[in-house]
Amino acid sequence: QVQLVESGGGNVQAGGSLRLSCLASGSTNLITATGWYRQAPGKQRELVAAINRSGSTSYTDSVKGRFTISRDNAKNTVYLEMNSLKPEDTAVYYCAARHVTANRYTYWGQGTQVTVSS
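Residues numbered from 1 in each chain as written. Predicted model: local features only at pLDDT ≥ 70, side-chain atom pairs only at ≥ 80, totals over all residues. Heavy atoms only, no water.

Chemist: I keep staring at the side chain of T34 and nothing clicks. Help me out?
Modeler: Examined against the element boundaries, T34 turns out to sit in strand β4 (residues 31-39). Leaving out residues up to four positions away in the same chain, T34 has contacts with A49, A50, I51, I69, V78, C95, A96, A97 and Y105. (Helix = DSSP H or I, 4+ residues; strand = E, 2+ residues; numbered from the N terminus. Contact = heavy atoms within 4.5 Å.)

Here is the structure:
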């Protein structure tokens, strides 16, 4: 089992920055990838960024050049650095982890709210 706890959300003005953190505990050695999803009101949940065990990263087009995903293995923490935030980035952001036996994200955090005002 893996437990995920997000932190770092909040309110920020457009153009500002936030850093989200996802702390993993439990069988973290069985995680093959960690992703950040977001869900805005009335919209489907979307994968924003992901990082796999080898350190390769991927981003959805709308955040490329503005968001950076990284990890600190010693702290079992994955970060999402968000710069040049826009009102359309407003959403609940979720951390998710993929187990070594699965081909989808298996574990989810509780989510953290990010609100960007214009």
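Structure shown, so let's carry the discussion forward.
Chemist: What's the story with the packing of aromatic side chains in this structure? I'm lost.
Modeler: Aromatic rings in a pair are described by how distant their centres are and how their planes are angled relative to each other. A complete count under the given rule lists 2 aromatic pairs for this structure. Here the aromatic rings of Y37 and Y105 are separated by 5.5 Å at their centres, their planes lie at 85°, and the arrangement is edge-to-face. Placement of Y37 in strand β4 and of Y105 in strand β10 (residues 105-108) is noted, with a sequence separation of 68 residues between them. An aromatic cluster of at least three residues, connected via ring pairs, comprises Y37, Y105 and W108. When the ring centre of W108 is taken as origin, the NZ or CZ atom of R45, which lies over that ring, is 4.8 Å away. (Phe/Tyr/Trp six-rings, centres within 6.5 Å; stacked < 30°, edge-to-face > 60°. Lys NZ or Arg CZ within 6 Å of the ring centre and 35° of its normal.)

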